[in-house]
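The primary structure of each chain is shown beneath.
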Amino acid sequence: MKCDECGKGMLRESKVDYILLGQNLGKFDALVCDHCQETIFLGETLDLIEQKAKEKDLWGIAAKTRIGTSGNALDVKLPKQIVNFLHLKKGQEVLIEPIDQKKFQVAIMG
Ligand SMILES: [Zn+2]
């Protein structure tokens, strides 16, 4: 099967590590392009990956939240699953950095 992504390589069956949120869920069947390394997981495998991610509490961690106020500043409420995943504690030092005008990242300092 030819690769749709680059149009040059061939897709070959392979076992590939699936990394979610920096954690390796294990090796899964995939089709990998021998030219551009495009990796495709098929439907049945995606179900397995989802199951594995749920076992490890890594599934559906992203959550909507709202900006609140705190004195003159604004604050962001962090949903519990994010607090748990990142092991955040009150008073912990973080670095906030805008990526662009639609995104910012918060890096945990210590
Ligand atoms: Zn390709």
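Residues numbered from 1 in each chain as written. Predicted model: local features only at pLDDT ≥ 70, side-chain atom pairs only at ≥ 80, totals over all residues.

Visitor: Break down the pairing of strand β4 (residues 67–70) for me, citing the residues and quoting the values.
Guide: Summarising the sheet, β4 and strand β5 (residues 73–76) pair through 4 bridges and their orientation is antiparallel. Counted as the bridge partner of S70 is A73 from β5. Between β4 and β5, which pair antiparallel one after the other, the connecting turn spans 2 residues, and G71 there sits at a positive phi close to 60 degrees. (Pairing = 2+ DSSP bridges. Helix = DSSP H or I, 4+ residues; strand = E, 2+ residues; numbered from the N terminus.)

Visitor: Which residues make up the pairing of strand β7 (residues 103–108), and what values go with them?
Guide: With 0 of 6 residues buried, β7 lies mostly on the surface of the structure. Where strand β6 (residues 94–100) folds back on β7, the antiparallel hairpin that results is connected by 2 residues. (Buried ≥ 20, exposed ≤ 12 C-beta atoms within 10 Å, placed from the backbone.)

Visitor: Summarise the environment of K90; cite the residues concerned and give the values.
Guide: Within the fold, K90 resides in the loop between α2 (80–86) and β6. A residue is classified by how many C-beta atoms lie within 10 Å of it, and K90, with 5 of them, is exposed. Sequence spacing of K90 and C3 is 87 residues, and the spatial spacing of their C-alpha atoms is 48 Å.

Visitor: Go over the domain arrangement of the protein with me, naming the residues and quoting the values.
Guide: According to the domain assignment, the protein contains domain 1 (11–55) and domain 2 (67–108). Averaged C-alpha coordinates put domain 1 and domain 2 at centres separated by 30 Å. (Domains from an automatic or database assignment.)

Visitor: Report on helix α1 (residues 43–55), specifying residues and quantitative values.
Guide: Here α1 contains 13 residues, and its C-alpha end-to-end distance of 19 Å stays within 8% of the 18 Å for a straight helix at 1.5 Å per residue. Buried residues are scarce in α1, accounting for 0 of its 13 residues. (Expected span 1.5 Å × (residues − 1).)

Visitor: I'd love a proper account of the sheet that holds strand β1 (residues 11–20), names of residues and values included.
Guide: Pairing in this open sheet of 3 strands is antiparallel, and the strands run β1-β2-β3 from one edge to the other. The open sheet has two edge strands, β1 and β3 (39–40), and neither has a second partner. The strands touched by α1 are β1 and β2 (23–33); relative to β2, the strand with the most contacts, the crossing angle is about 170 degrees. (Contact = placed C-beta atoms within 7 Å. Axes fitted to C-alpha atoms, helices over the stretch in contact; angles between N-to-C directions.)

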